[in-house]
Amino acid sequence: MSLIVDSLDLILFVALCAAILAGYPVVFTLAGLGVLFALLGTATGHFDLGLLRALSQRVYSIMTNEVLLAIPLFVMMGVILERSRIAEELLEEMARLFGAVRGGLAVSVTLVGMLLAASTGIVGATVVTMALIALPTMLRNGYDRRLAAGAVTSAGTLGQIIPPSTMLIILAEVMSSGYQQAQFAQGKFSVETISVGQVFAAALVPGLMMVGLYVAWILILSALRPRMAPPMAESAGRVDPWRVLSVLVPPVVLIVAVLGSILGGVATPTEAASVGAIGALMLAAPRLAPDASRWPIRAAVAAVIGLLALSRLFDLRIARQEITPVDQAAIWVAIALTVVLAWGIAVAFLRAGRAGVLKPVVTSTMTVTAMIFAMLIGASLFSLVFRGLGGDVRVEEFLTGMPGGQLGALAFVMALVFVMGFFLDFVEISVIVLPIVVPVLLIMGMDPIWLAVMIAINLQTSFMTPPFGFSLFYLRGAAPKEVRTIDIYRGIIPFVILNLIGIALVYAVPTIGTWLPGLLFG
Amino acid sequence: MADLLERWAARLDTVNAAVGLTVRWVAVGMLVIQFASVVLRYVFGTSEIFVQESVLYLHAALLMLGAGYTLAVEGHVRVDIFYGEASPRRKAAVDLIGTLVFLVPACVAILRYSWPSMIRSWQILEGPISVGGIPASFLLKSLIPAFAALLLIQGAALALRSAAVLAAGTTRESGTP
């Protein structure tokens, strides 16, 4: 009996794994089990119910956390782009560019996945769009079903590893607080933190590396087994360079503006996300109302360019003592341009509303955001109880006692995250497991940025591991009947292996992850 | 019996439908204000804490008041390795038990431990988070009990609906020859 009572923390974790499988929403299972075990622990004298008084403050700090403020805005940017037909246009143009090459269609899927990843970061949207457009094209042209399915599924998951992405924001938050805990535990008084910008910078090169690995694999495979990925038989039409540019340039400008301003340290992720969402709206508006006048949108874009130029040439700060007449005139021009911009944005909103797009956009923004934050709150309640029962000490003892020291502990955590990825997705894994294990790994002396990158690739893998990778799930929903579920599962295996190779590469060559943040943030 | 339960569930649904379908528009407000603050900061070189905090208030309202509606539209993630294949009765049993054993205790705990700090905050009409901000922290603190209450209401609807499925099954099995 005393053995059972002494291992309440362990039983709690086992009970969690069992209960989650029943299928009740994870967040409530997590929080509810936490409360039940708090009561059980109080009854047996192993838990102090007073600890739960911290709950209110914890929830409050989650909802007022300025880092996480960027999440709803990035989600909104993604759901707007999802409905803007940009993915469709990109796919058509890329297929025209690369389709004639052996394996070219699959490569163009990966490249479009990369572009969408850098602008939206929403897995579901990317996979569904590609499954509806690229998959039938590949099958018609005689592609192997497994390769076609694998290419689409893996391309969809790039959204998580290539910044900006919600996953990386949450990961940055979790790593940062784990890093602070580790430093306190080591007795340091002035602690360093990790910013979202640093994690974005750290994930960029490895993300592109994953793109390179996928493309290389597709090309090698289609060279070795030409019948799996033949060149496109049907003509996709003439390549019109002007059209390619007009499709490619707007999203690339958006990517450079959003990502560049964050990595350059100019803007906070929240600010950049709002620019991204407004930009997405401007891209979507002409496509949502093809017959309406383009001038309001064009004028708004011109106004933005004008504002950028003016703020370079003149001192437009309005809150100062003396303003020269020239500056004053420039300020008036800037105000006029701002009015034009505001008008363009209003028109864009109106058109999105008329096209029936605005309602679903705000609804998914709310439900996705509420889901993520409820999970953060539930996990916070769970970890409060888990720590109160002494679970964190047990985890620390367990990890530091692993054979092989640092490497053993790291391997164990990575294996754990990988296996959990079969059943859970990144939100659950990063808020339930990482806060418990990350501080221990960092105390053992690992570099937080390096660790974050390896965990990020590992979490990306969770989207593609059968049976419950989200990406597979979306593909199943949108793929034609002739693609069997087993084709999807077998098709993704090489890409899962490529991800494991990616993790191994970052482990062996840490600079893949740490070089860019070191360069940008010192 | 099943009809009665279903009717009550539908009545409870209206609460979160009304709240959710209103609160979702906060997302537009949040985006517009945040973008305006970007223009103010990077073009006109001024930034107001008041504006910054209003984005934070809208953000908090969106995610806390939207949680109940998210439950209503199945937005909270389930692990459906077994659930996905289960019969409607089995799903109803999982939902009924899960709500009573997990959701209710969790929400009651959040309600129980956030209530006192909300009351205290209202008594002193607690001011802004930082100097120059919106002097209404008590509104933010009220969102926590509201979050729990909305989830309890939606949880009740889910439990009633599940009970209806279970009740309908029993009457059909015993009622038909």
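Above: the structure in question.
Here the structure is a predicted model, which means the values were calculated and not measured.

Caption draft 1: Representation of the overall build of chain A within the structure. For chain A, the count of helices and strands is 24 helices and 0 strands. Its C-alpha atoms give chain A a radius of gyration of 25 Å, near enough to 24 Å, the size a compact globule of 522 residues would have. Principal axes of the C-alpha set define a box for chain A whose edges measure 75 × 75 × 45 Å. Looking at chain A as a whole, 57% of its 522 residues qualify as buried. A separation threshold of at least 6 residues defines the contact pool for chain A, and within that pool the share at least 24 residues apart is 80%.

Caption draft 2: Fine view of the overall build of chain B. From N to C terminus, chain B includes 7 helices and 0 strands. Seen in sequence order, chain B has helices and strands lined up from the N terminus as α-α-α-α-α-α-α. For chain B, the C-alpha radius of gyration of 21 Å lies well beyond 16 Å, the compact-globule estimate for 177 residues. Structurally, chain B occupies a C-alpha span of about 80 × 35 × 30 Å along its principal axes. Per-residue burial for chain B yields a buried fraction of 48% across its 177 residues. Total accessible area on chain B is roughly 8200 Å²; 69% of this is exposed by carbon and sulfur atoms. The positive charge centre, built from 13 side chains, and the negative charge centre, built from 11, are 4 Å apart in chain B.

Caption draft 3: Local environment of the interface of chain A and chain B. Across the contact, 70 residues belong to chain A and 64 residues belong to chain B. Buried area between chain A and chain B, summed over both chains or domains, comes out near 5900 Å², and the portion from carbon and sulfur atoms is 80%. Counting the surface chain A buries against chain B, the share from its top three residues, A:Y24, A:M63 and A:M366, is 13%. Notably, a salt bridge pairs A:E271 with B:R41, separated by 2.7 Å at the nearest N-O pair. The interface formed by chain A and chain B holds 9 residue pairs in polar contact (both at pLDDT 80 or more) in total. Broken down by secondary-structure element, the contributors of at least two residues to the side of chain A that touches chain B are α2 (8-22), α3 (26-43), α4 (54-63), α5 (70-82), α13 (269-288), α14 (295-313), α15 (325-354) and α16 (358-388) of chain A.

Caption draft 4: Expanded view of the packing of helix α9 (residues 145-161) of chain A against helix α21 (residues 448-462) of chain A. All names here are of chain A. At a closest axis distance of 9 Å, the pairing of α9 and α21 adopts a crossing angle of 145 degrees. As α9 packs across α21, the resulting crossing turns out to be right-handed. The residues of α21 that touch α9, namely those facing T157, L158 and I161, are A456, I457 and Q460. Grouping the constituent residues of the contact of α9 with α21 by class yields 4 nonpolar, 2 polar and no charged.

Caption draft 5: Spatial organisation of the pattern of salt bridges. Residues and elements named next belong to chain A. Considering all chains together, one arrives at 17 salt bridges over all chains under this definition. Of the charged contacts in the structure, one is a salt bridge between R287 and E89, with a shortest N-O distance of 3.1 Å. Of this pair, R287 sits in helix α13 while E89 sits in helix α6 (residues 86-98), placing them 198 residues apart in sequence. Judged by relative accessible area, R287 falls into the partly exposed class, the value being 23%. For D392, the salt bridge goes to R387, with nearest N and O atoms at 3.8 Å.

Caption draft 6: View of α21(A). In this model α21(A) runs 21 Å from its N-terminal to its C-terminal C-alpha over 15 residues, within 8% of the 21 Å that 1.5 Å per residue would give. Taking the backbone nitrogen of A:I449 as reference, a side-chain oxygen 3.3 Å away marks A:D447 as the first, capping residue of α21(A).

Caption draft 7: Summary view of the nonpolar core. A:M63, A:L135, A:M138, A:L171, A:I455, A:L475 and B:M64 are the most contacted members of the largest nonpolar core, which has 241 residues in total. Looking at this core, the element that brings in the most residues is α16(A), giving 17 residues.

Caption draft 8: Inspection of the side chain of B:S137 at higher detail. Relative to the elements of secondary structure, B:S137 occurs in helix α7 (residues 137-175). Given the relative accessible area of 2%, B:S137 is considered buried. Leaving out residues up to four positions away in the same chain, B:S137 has contacts with A:Y60, B:Y57, B:S121, B:E126, B:G127, B:P128 and B:I129.

Caption draft 9: Region of interest: the side chain of A:T64. For A:T64, the location among the structural elements is in the loop between α4 and α5. Reaching out from A:T64, the side chain makes a polar contact with the backbone oxygen of A:Y60 at a distance of 2.8 Å. Sequence-distant contacts of A:T64, that is, excluding residues within four places in its chain, are made with B:L56, B:I129 and B:L140.

Caption draft 10: Geometry of the packing of aromatic side chains. Counting across every chain of the model gives 9 aromatic pairs over all chains. Ring-pair connections join several aromatic residues into one group, and the members of that group are A:F13, A:F382 and A:F386. Residue placement shows A:R298 over the ring face of A:W295; its charged tip is 5.1 Å from the ring centre. Above the ring of A:Y60, the side-chain terminus of B:K141 is found at 4.9 Å from the ring centroid.

Caption draft 11: Seen up close, α6(A). In a regular helix each residue adds 1.5 Å, so 13 residues correspond to 18 Å; α6(A) covers 18 Å between its end C-alpha atoms and thus fits that length. Within α6(A), burial applies to A:I86, A:A87, A:E88, A:E89, A:L90, A:L91, A:E93, A:M94 and A:A95.

Caption draft 12: Region of interest: the packing of α5(A) against α16(A). All names here are of chain A. The contact between α5 and α16 brings their axes to 9 Å, and the two run at 140 degrees. The orientation of α5 relative to α16 falls into the category oblique. The way α5 lies across α16 gives a crossing that is right-handed. Side by side, α5 and α16 meet where I71, P72, V75, M76, V79 and I80 of the first sit next to V361, V362, S364, T365, V368, T369, I372 and F373 of the second. Residues of the contact of α5 with α16, tallied by class, amount to 11 nonpolar, 3 polar and no charged.

Caption draft 13: Spotlight on unusual backbone geometry. Looking along the chain, the bond that leaves A:P163 and enters A:P164 is cis, with omega of -5 degrees. Structurally, A:P164 is set in the loop between α9 and α10 (166-185). Unusually for a residue other than glycine, B:E74 sits at a positive phi of about 60 degrees. Along the chain, the position of B:E74 falls in the loop between α4 (67-72) and α5 (80-83). On the accessibility criterion, B:E74 (45% relative accessible area) is partly exposed. Of note in the backbone geometry, B:L125 takes a positive phi value of approximately 45 degrees without being a glycine. For B:L125, the position within the fold is in the loop between α6 (88-123) and α7.

Caption draft 14: The arrangement of the environment of A:M76 in detail. Residues and elements named next belong to chain A. Note on placement: M76 falls in helix α5. Take M76: its relative accessible area is 1%, and that puts it in the buried class. Along the primary structure M76 and P439 are separated by 363 residues, whereas in three dimensions their C-alpha atoms are 32 Å apart.

Caption draft 15: How the structure looks around the environment of B:A67. Residue and element names in this part refer to chain B. Within the secondary structure, A67 sits in helix α4. Look at A67 and you get buried, because its relative accessible area is 0%. Separated by 84 residues in the primary sequence, A67 and L151 place their C-alpha atoms 6.7 Å from one another.

Cut-offs used in this document
- Every chain begins its residue count from 1, and numbering advances along the sequence as written.
- Key to labels: chains lettered from A, ligands numbered from 1, both in the order written.
- With the structure being a predicted model, the display of local features is reserved for residues of pLDDT at least 70 and the display and counting of side-chain atom pairs for 80 or more, all residues being used for whole-chain, interface and lining totals.
- As a convention, hydrogens and water are excluded, and side-chain values are obtained from all of the structure's heavy atoms.
- Helix numbers and strand numbers start at the N terminus; a helix is a DSSP run of H or I with at least 4 residues, a strand a run of E with at least 2.
- Radius of gyration here uses only the C-alpha atoms, and the compact-globule reference equals 2.2 Å multiplied by the residue count raised to the power 0.38.
- Summary of the burial criterion: residues with accessible area below 20% of their type's maximum are buried, those above 50% are exposed, and those between are partly exposed, where the area comes from a 1.4 Å probe applied to protein chains only.
- When checking whether two residues touch, look at their non-hydrogen atoms; a contact exists if any pair is within 4.5 Å.
- Areas reported here follow the Shrake-Rupley algorithm with a probe of radius 1.4 Å; residue values treat only the protein chains shown as occluding.
- Charge assignment: positive for Lys and Arg, negative for Asp and Glu; neither His nor the chain ends contribute.
- All charge positions are set by atom: Lys at NZ, Arg at CZ, Asp at CG, Glu at CD.
- Note on definitions: buried area is the accessible-area loss of two parts on being combined, 1.4 Å probe, summed for both.
- Take a side-chain nitrogen of Lys or Arg and a carboxyl oxygen of Asp or Glu: if they are within 4 Å of each other, that pair is a salt bridge.
- Whenever a nitrogen or oxygen atom comes within 3.5 Å of another N or O atom, the pair is scored as a polar contact, on the condition that within protein one atom can donate a hydrogen and the other can accept it, and that pairs from neighbouring residues in sequence are kept only if both atoms are in side chains.
- Where helices are involved, their axes are fitted lines through C-alpha atoms of the stretch in contact, as for all axes, and angles between N-to-C directions lie from 0 to 180°.
- By definition, turning the near helix anticlockwise from the far helix through less than a right angle yields a left-handed crossing, and turning it clockwise yields a right-handed one.
- Polarity classes work like this: nonpolar for Ala, Val, Leu, Ile, Met, Phe, Trp, Tyr, Cys and Pro, charged for Asp, Glu, Lys and Arg, and polar for all others, with Gly in that last group.
- Helix span, expected: 1.5 Å multiplied by one less than the number of residues in the helix.
- Residues enter a nonpolar core if they are buried and are Ala, Val, Leu, Ile, Met, Phe, Trp, Tyr or Cys, with the set joined through side-chain atoms within 4.5 Å.
- Aromatic pairing here means that ring centres of Phe, Tyr or Trp (its six-membered ring) are within 6.5 Å. Orientation follows from the plane angle: under 30 degrees is stacked, over 60 is edge-to-face, and everything else is tilted.
- Placement of a charge over a ring requires the Lys NZ or Arg CZ to be within 6 Å of the ring centre, with the centre-to-atom vector within 35 degrees of the ring normal.
- Any angle that falls under 35 degrees is termed roughly parallel, while one over 145 is termed roughly antiparallel, one within 65 to 115 roughly perpendicular, and all others oblique.

Nothing here speaks to function; it is all geometry.
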